[in-house]
Amino acid sequence: MSIPSDPEATQPPAGHSADKGMSPSGSAGDPQPAGPSDGQLVTQTLSGDRKAFDELIRRYQRQAVAVSYRLLGNSHDSLEVTQDAFLKAFTSLATLQKPEAFGGWLMRIVSNLSLNFRRSRKTRSQLPLGDILGPTGAEQTDVTGGTSEWMARSGDPVRRMESEEMGRRLHDALNQLPEKQRLAIVMFTIDQMPQKDVAEALNCSVEAVKWHVFQGRKKLKEMLKEHL
Amino acid sequence: MTTEQLEFEISQYADGTLPPASRAALESRLASDARARALLDEYRKLDAAFASARPIPALNWDRLATAISAAVADQAGAEESRRAAAYRMPWVGALRGLAIAASLLIAFGLAVAVLHHRPAPNVSVNVSPKSTPTGHAVVSVAITGPETAPAAAVVQIDLQPAGASDASWRYAQGVVARPSRVVIASGIDTSPDMPYFR
């Protein structure tokens, strides 16, 4: 087979696959958590072992914050939603039919609460945010006014401004997508959750997730074509 | 393969989820199709923008986990306290049941009383014009009475020639044989400038 003139054109994609993605406890490429499975932890929690639920919190808090943060664009709100999501998950755990699907189920709760939060824009704050937010996170909130804190990490001021601008555009464009496409893009493409977890969160098939991702990316590509 | 299908495959190829069987065919196409390569390039640029968007706020994850765990423990504790209180005072549950039953009985009694004392709505009928051998007749039925009458008003509409007696009209020639189109509207003004009522 001949290789196209553009050496990168057929370079193996750097993205994630359907079966691997960001592990619940960390960034992409982290090993899967050792110890009991999610299903075992759910069962232990239901039998009264609250420490088992603490382990689930540790496994999924990053993913929950990340998804909520993409949808809300504000770290304080995303922390509130994350806590609410875990509380709701704890009280509703007995209704979870597939304990192994805890991650996707939790993300469904997170996304629903985030979307509701956007509509109501609650103002309460129970978490000790000063302790939880690192200096960078607090700084980002102040700088961007809480509407888009994306891409504010570069040390180069010019590059940081460009990144912030692009982040705002991306955030605005995402908000114009239909709900399922937006959630699919946020969970799969940005936060790199496995497709099966996204499918569980969106309550649809993996094939439907692929289609939502494609449709969402296609629209974003069109909306952002002048800035890419 | 349509452009949409090609783009769908390129999108999956870009994020690494295209099945191996389709991947080889797509790579072959990319080698010879400049448009396909341009599409792939567009998706890669979009993915680069996504990649830049991945950082989330710097958080103290241990403290966040501790705070959430504490909130869950508080909630679980409150729930256990509530259950324990109910267990210690079982008569509270019984009293609550009695209160609900009494409330239901009172509500049922009130409903029966209201239904048995419903005032009959007053009905007056105006026919205009009195006789219309051809054309339309507009009948205005005005129902007066309480704003919230407990039952629906029943209006009987008989179509018959003007002047026919009750006993004979059914046999009269030219009875309303073929109009028989009755349009009923409610809650609107029946004035002549409301043509849709006719």
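Here, the structure is the one placed above.
What counts as what
- Numbering of residues starts from 1 in every chain and runs along the sequence as written.
- Whichever chain is written first becomes A and whichever ligand is written first becomes 1, with later ones labelled in order.
- The predicted origin of the model limits local features to residues at a pLDDT of at least 70 and limits the giving and counting of side-chain atom pairs to 80 or more, whereas totals for whole chains, interfaces and linings rest on all residues.
- The secondary structure listing takes helices from DSSP runs of H or I that are at least 4 residues long and strands from runs of E that are at least 2 residues long, numbered from the N terminus.
- Here exposure depends only on C-beta density: within 10 Å of a residue's C-beta, 20 or more other C-beta atoms make it buried, 12 or fewer make it exposed, and intermediate numbers make it partly exposed, the C-beta atoms being placed from the backbone.
- Residues are treated as contacting if the C-beta atoms built from their backbones sit within 7 Å of each other.
- The term nonpolar core means buried Ala, Val, Leu, Ile, Met, Phe, Trp, Tyr and Cys residues held together as one set by C-beta atoms within 7 Å.
- For each domain, the first and last residues come from an automatic or database assignment.
- For a helix, the expected span equals 1.5 Å multiplied by the residue count minus one.
- Only C-alpha atoms enter the line fits that serve as axes; for helices the fit covers just the stretch in contact. Angles between N-to-C directions range over 0 to 180 degrees.
- Crossing handedness is defined as follows: a turn of the near helix away from the far one that is anticlockwise and smaller than a right angle gives a left-handed crossing, while the clockwise case is right-handed.
- Roughly parallel means an angle under 35 degrees; roughly antiparallel means over 145; roughly perpendicular covers 65 to 115; every other angle is labelled oblique.

So what exactly am I meant to see when it comes to the overall build of chain A here?
The helix and strand inventory of chain A stands at ten helices and zero strands. Helices (α) and strands (β) of chain A occur, in sequence order from the N terminus, as α-α-α-α-α-α-α-α-α-α. Evaluated residue by residue, chain A yields a buried proportion of 45% over its 228 residues. For chain A, the proportion of contacts with a sequence separation of at least 24, taken over those separated by at least 6, is 64%.

Hey, could you run me through the overall build of chain B in this one?
Scanning chain B from N- to C-terminus turns up five helices and two strands. Traced from its N-terminal end to its C-terminal end, chain B shows the element sequence α-α-α-α-α-β-β. Within the span of chain B, comprising 198 residues, buried residues form 16% of the whole. Pairs at least 24 residues apart make up 42% of the contacts formed inside chain B by residues separated by at least 6 positions.

Any chance you could explain the nonpolar core here in plain terms?
Nonpolar side chains in soluble globular proteins generally cluster together in the buried interior. With 65 residues, the main nonpolar core has Leu106, Ala184, Met187 and Val198 of chain A as its most contacted residues. The element best represented in this core is helix H2 (residues 50–72) of chain A, accounting for eleven residues. Here this core gathers at least three residues from each of two domains, domain 1 (3–52) and domain 2 (61–115) of chain B. Every residue in contact with Leu106 of chain A, bar those within four places of it in the chain, is listed here: Tyr60, Ala64, Ala85 and Ala89 of chain A.

I'm lost on helix H3 (residues 34–52) of chain B in this one. Help?
Between its first and last C-alpha atoms H3 of chain B spans 27 Å; for 19 residues at 1.5 Å apiece the expected length is 27 Å, and the two agree. Here H3 of chain B has its buried residues at Ala36, Arg37, Leu39, Leu40, Glu42, Tyr43, Leu46, Ala49 and Phe50 of chain B.

Is there a simple way to think about the environment of His76 of chain A in this case?
All names here are of chain A. Mapped onto the fold, His76 is located in helix H3 (residues 75–92). C-beta crowding within 10 Å serves as the criterion here: with 19 such atoms nearby, His76 is assigned to the partly exposed category. Separated by eleven residues in the primary sequence, His76 and Val65 place their C-alpha atoms 9.9 Å from one another.

Before we go on, may I ask you to explain helix H9 (residues 195–202) of chain A in this structure?
Quick reminder: α-helices carry 3.6 residues per turn. Residues three or four places apart thus point the same way. Residues and elements named next belong to chain A. Where burial is concerned, most of H9 is hidden: seven out of the eight residues are buried. On its buried side, H9 packs onto helix H4 (102–120), helix H8 (179–190) and helix H10 (206–223). Just beyond H9, the residue with positive phi is Asn203, at close to 60 degrees.

Help me understand the packing of H8 of chain A against H9 of chain A, please; the structure alone is not making it clear to me.
Geometrically, a packed helix pair is captured by the angle between its two axes and the distance between the axes. Residue and element names in this part refer to chain A. Closest axis-to-axis distance for the H8/H9 pair is 10 Å, and the angle between their directions is 145 degrees. Crossing of H8 over H9 shows right-handed handedness. Residues Lys180, Leu183, Ala184, Met187 and Phe188 of H8 pack against Gln195, Val198, Ala201 and Leu202 of H9.

Please explain the environment of Val67 of chain A as it appears in this structure.
Residue and element names in this part refer to chain A. Structurally, Val67 is set in helix H2. For Val67, a count of 29 C-beta atoms within 10 Å translates into the label buried. In this structure the C-alpha to C-alpha distance between Val67 and Ser111, which are 44 residues apart in sequence, comes to 7.2 Å.

How should I be thinking about unusual backbone geometry in this particular structure?
In terms of backbone geometry, most residues other than glycine have negative phi values and most peptide bonds are trans. Residues and elements named next belong to chain A. Phi at Gln192 takes a positive value of approximately 55 degrees, unusual for a residue other than glycine. Its place among the elements puts Gln192 in the loop between H8 and H9. On the neighbour-count criterion, Gln192 (23 C-beta atoms within 10 Å) is buried. The backbone of Asn203 sits at a positive phi, close to 60 degrees, despite the residue not being glycine. Here Asn203 shows up in the loop between H9 and H10. Residue classification places Asn203 among the exposed residues on the basis of 11 C-beta atoms within 10 Å.

Looking at this structure, I do not really get the packing of helix H1 (residues 3–15) of chain B against H3 of chain B. What am I missing?
Residue and element names in this part refer to chain B. It is at 9 Å that the axes of H1 and H3 come closest, and there the two elements cross at 45 degrees. Overall, the two elements H1 and H3 adopt an arrangement that is oblique. Handedness of the crossing formed by H1 with H3: right-handed. Residue-level contacts link Leu6, Glu7, Ile10, Ser11, Tyr13, Ala14 and Asp15 of H1 to Ala36, Leu39, Leu40, Tyr43, Arg44 and Asp47 of H3.

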